[in-house]
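A structural walkthrough
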Amino acid sequence: MQTEHRIIFADSRRMLELPHNTVHLMITSPPYPMIKMWDTQFEEANVEIARLWQVLRADPREETVTRLYEAMHIYLAEVWRETYRVLVEGGIACINIGDATRTINGAFRLFPNHSRVIEHCQRIGFTSLPYILWKKPTTKPKYKGKGAFLGSGFLPPNAYVTLDCEYILIFRKGKLRRFPKHDYHRYHSKLSKTQRDAWFTQIWNLTGTRQTASHVERRTAAFPLEIADRLIRMFSVEGDLVLDPFLGSGTTTEAAMLAERNSVGYEKDDALLPLIERRLSARPDACKLSVARREN
Ligand SMILES: C[S@@+](CC[C@H](N)C(=O)[O-])C[C@H]1O[C@@H](n2cnc3c(N)ncnc32)[C@H](O)[C@@H]1O
C-alpha cells in the first residue's frame with residue numbers, strides 16, 4: 001500500500017500544517033520534566049521556565065521548584081491541546097512518559113510526571129483509558145539519588161523503590177471511532193490472538209532501546225521500535241494518519257512505514273535530520289517521504 005510520511009521541523013505547540021479532525025492516532029514521548037537531560041531544552045523553549053530557573057539558582061525555595069515543575073507541564077500541555085484539535089472523533093493519543101526523581105535544595109523527591117499529564121489531558125477534554133506500564137530492566141537500583149544501593153538497601157528504612165517503569169498513557173477524543181460495516185482496512189489490520197493477548201495487558205516487559213555512543217542518538221532518548229509498532233497496530237488501521245509531535249530520531253515514522261500507515265512527525269531540532277534519514281534509508285519503496293521546515 002502506498003503511504004506518505006511528512007517530517008516537519010517546527011514547534012509542535014502550533015501544528016499549522018494539520019487541519020482539525022484529520023489525525024487518527026498520536027503516539028509520542030516528550031521531554032520529561034525535571035529530568036536533567038531536558039533542562040536546557042525547556043529553559044530555551046520558554047521564557048517563564050528560564051526565569052524560574054534563574055530565581056531558583058539565586059534563591060532556592062520549595063515554592064519555586066513547584067512553579068517550575070508546573071511551568072514545564074503547561075508547556076507540554078500546549079502540545080496536548082493541539083493534538084486534541086487535530087485528532088478525529090474517537091482518535092487515540094498515547095503518551096510515553098517517565099516520572100523523575102531529583103535532589104533539589106538538598107531534598108530528594110519524586111516528580112510524578114504521569115499524573116500531571118493525565119490531569120492536563122483530562123482538563124483539555126480527553127477521556128483517560130487504562131494505561132500501560134513499560135518495565136525497563138535497564139535501570140539500576142538507587143540509594144539517596146546516588147546510583148546503587150551500596151549495601152544500604154538491606155537496612156531499613158532509608159532506601160527507596162527503583163523507578164524501573166515508564167508509563168504509556170492512553171487517551172481518547174470523544175466517542176468510539178465508527179467504521180462502515182466490514183470496512184476493508186479495519187479487517188485487514190486485524191491482530192492475531194497472540195498479539196491481542198500479549199499487547200492488551202497492563203505490563204510490558206521490553207528492554208530499553210540501546211543508546212549508542214553518538215551524542216545525537218543519546219540526546220533523543222528514543223523509545224524501542226517495538227513500542228511504536230505495537231501502539232500503531234493496536235490503535236489505528238491501515239492507511240490511517242499517525243502523528244508524533246516530539247519525533248526525535250524518527251521511531252514513529254519508521255513504525256508507521258512498516259505498518260502501512262501514513263505519518264506526520266514534528267521535531268524542533270533540525271540537527272536530528274541526518275539521524276532520521278539514516279534510520280529511514282531502508283524504507284519500503286511504497287513509502288513517500290518529505291521534509292519541510294517552518295521558522296515559527
Ligand atoms: C524524548 S525525545 C523523543 C524521542 C523519540 N520518541 C524517538 O524515539 O527518537 C523528545 C523530542 O522532542 C523534541 N521537542 C521538544 N519540544 C518540542 C516542540 N515544542 N516541538 C517539536 N519538537 C520538540 C526534542 O528536540 C526531542 O528530540
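Provided above is the structure to which this section pertains.
Described in the following lines is the structure provided in the data block. These numbers were taken from a predicted model, which means no experiment stands behind them. (Residues numbered from 1 in each chain as written. Predicted model: local features only at pLDDT ≥ 70, side-chain atom pairs only at ≥ 80, totals over all residues. Heavy atoms only, no water.)

Remarks on unusual backbone geometry
Note the cut-off: In this description a helix means any DSSP run of H or I spanning at least four residues, a strand means any run of E spanning at least two, and both kinds are numbered starting from the N terminus. When a residue's accessible area, from a 1.4 Å probe over protein chains only, is under 20% of the maximum for its type it is buried; when over 50% it is exposed; and in between it is partly exposed.
The step from Pro 156 to Pro 157 runs through a cis peptide bond, and the omega angle for that step is 5°. Turning to its location among the elements, Pro 157 is positioned in the loop between β6 (127–135) and β7 (165–172). Phi is positive for His 182, close to 55°, though the residue is something other than glycine. Within the secondary structure, His 182 sits in the loop between β7 and α5 (184–188). With a phi close to 60°, Glu 260 is a non-glycine residue in the positive phi region. Here Glu 260 is to be found in the loop between α9 (251–258) and β10 (262–267). For Glu 260, a relative accessible area of 28% puts it in the partly exposed group.

What about the packing of helix α2 (residues 47–58) against helix α3 (residues 62–86)?
Going by this rule: Interaxial angle, 0 to 180 degrees, is taken between N-to-C directions of lines fitted to C-alpha atoms, where a helix line uses only the stretch in contact. Geometric relationships in this document are graded by angle, where less than 35 degrees denotes roughly parallel, more than 145 denotes roughly antiparallel, 65 to 115 denotes roughly perpendicular, and other angles denote oblique. In this scheme the handedness of a crossing depends on how the near helix is turned from the far one: anticlockwise by less than a right angle means left-handed, clockwise means right-handed. The contact criterion used is simple: two residues touch if any of their non-hydrogen atoms lie within 4.5 Å. Throughout, the ten residues Ala, Val, Leu, Ile, Met, Phe, Trp, Tyr, Cys and Pro are labelled nonpolar, Asp, Glu, Lys and Arg are labelled charged, and all others, Gly among them, are labelled polar.
Running from amino to carboxyl end, α2 crosses α3 at an angle of 165°, the nearest separation of the two axes being 9 Å. In terms of axis orientation, α2 runs roughly antiparallel to α3. Where α2 crosses over α3, the two elements pack in a sense that is left-handed. Of the residues in α3, those touching α2 at Glu 48, Ile 49, Arg 51, Leu 52, Trp 53, Val 55 and Leu 56 are Thr 64, Val 65, Arg 67, Leu 68, Ala 71, Met 72 and Tyr 75. Its residues assigned to classes, the contact of α2 with α3 comprises 10 nonpolar, one polar and three charged.

Quick word on the pairing of β10
Note the threshold: DSSP-based pairing: two strands are paired if at least 2 bridges between them are found. For crossovers, right-handed means that the path from the first strand over the helix to the second runs clockwise, given strands pointing away from the viewer.
Along β10, six of the six residues are buried, which leaves the element largely enclosed by surrounding structure. In β10, alternate side chains face the same way, and those of Asn 262, Val 264 and Tyr 266 on one face and Ser 263, Gly 265 and Glu 267 on the other are all buried. Where strand β1 (residues 3–9) lies against β10, five bridges are found, and the strand directions are parallel. If you follow Arg 6 over to β10, its bridge partner there is Val 264. Of the strand pairs in this sheet, strand β9 (residues 241–244) and β10 are connected by four bridges, and their pairing is parallel. Within the sheet, the bridge partner assigned to Leu 241 lies in β10 and is Asn 262. The β-α-β motif built from β9, the intervening α9 and the parallel element β10 has right-handed crossover chirality.

Thoughts on the layout of surface pockets
Heads up, the condition is: A cavity here means a set of points on a 1 Å grid, drawn over the protein atoms and nothing else, where a 1.4 Å probe fits but cannot get out; a pocket is an open set with protein on both sides within 12 Å along at least five of seven lines, and a residue lines either one if it has an atom within 4 Å of a point. Grid points are joined across faces, edges and corners, and a volume is the space filled by probe spheres set on the points.
The computed volume of the second largest pocket comes to approximately 570 Å³. What lines the second largest pocket is a set of 20 residues, and nearest its centre among them are Phe 179, Arg 186, Met 234, Phe 235 and Ser 236. Of all elements in the fold, only β3 (87–97), α5 and α8 (225–235) reach the threshold of two or more residues within the lining of the second largest pocket. Of the residues in the lining of the second largest pocket, the class split is 10 nonpolar, five polar and five charged.

Considerations on the environment of Asn 205
Among the secondary structure elements, Asn 205 is positioned in strand β8 (residues 203–205). Linking Asn 205 and Ala 286, residues 81 residues apart in sequence, is a C-alpha distance of 32 Å.

Observations concerning the side chain of Lys 136
In plain terms, the rule: Within 3.5 Å is the distance limit for a polar contact, defined as a pair of N or O atoms, with the added protein rule that one can donate a hydrogen and the other accept it, and that residues adjacent in sequence qualify only through two side-chain atoms.
By secondary structure assignment, the location of Lys 136 is in the loop between β6 and β7. Within polar-contact distance, the side chain of Lys 136 engages the side chain of Glu 166 at 2.9 Å. Leaving out residues up to four positions away in the same chain, Lys 136 has contacts with Asp 164, Glu 166 and Leu 206.

A short note on the packing of α3 against helix α4 (residues 113–124)
Put simply, α3 and α4 touch, their axes get as near as 9 Å, and they point 45° apart. With respect to their mutual orientation, α3 and α4 come out oblique. Where α3 crosses over α4, the two elements pack in a sense that is right-handed. Across the interface between the two elements, Tyr 69, Glu 70, His 73, Ile 74, Ala 77, Trp 80, Arg 81 and Tyr 84 from α3 touch Asn 113, Arg 116, Val 117, His 120, Cys 121 and Ile 124 from α4. For the contact of α3 with α4, the residue count by class is eight nonpolar, three polar and three charged.

Topic: the pattern of salt bridges
Counted only if it meets this: Take a side-chain nitrogen of Lys or Arg and a carboxyl oxygen of Asp or Glu: if they are within 4 Å of each other, that pair is a salt bridge.
Scanning all chains against the criterion turns up 19 salt bridges. We note a salt bridge from Arg 85 to Glu 82, for which the minimum N-O separation is 2.8 Å. With a gap of three residues between them, Arg 85 and Glu 82 both fall in helix α3, about one helical turn apart. When the shortest N-O distance is used, the salt bridge between Asp 197 and Lys 193 registers 2.6 Å. In this pair, Asp 197 and Lys 193 both sit in helix α6 (residues 193–199), four residues apart, roughly one turn of the helix. A relative accessible area of 38% means that Asp 197 is categorised as partly exposed.

Notes on the sheet that holds β3
Across a sheet, paired strands are connected by hydrogen bonds in the backbone, their directions being either parallel or antiparallel. An order of β8-β6-β7-β3-β2-β9-β10-β1-β11 is seen for the nine strands of this open sheet, with the pairing classed as mixed. Strands with a single pairing partner mark the edges of an open sheet, and in this sheet they are β8 and β11 (287–293). The sheet shows a mean angle of 20° between the axes of neighbouring strands, taken without regard to direction. With six bridges joining them, β3 and β7 adopt antiparallel strand pairing. Within β7, the residue paired with Cys 94 across the bridge is Ile 170. Contacts from α4 reach β3, β6 and β7, with the element oriented near 5° to β7. Set on the sheet, α8 makes contact with β2 (23–28), β3, β6, β7, β8 and β9; between it and β2 the angle comes to about 155°.

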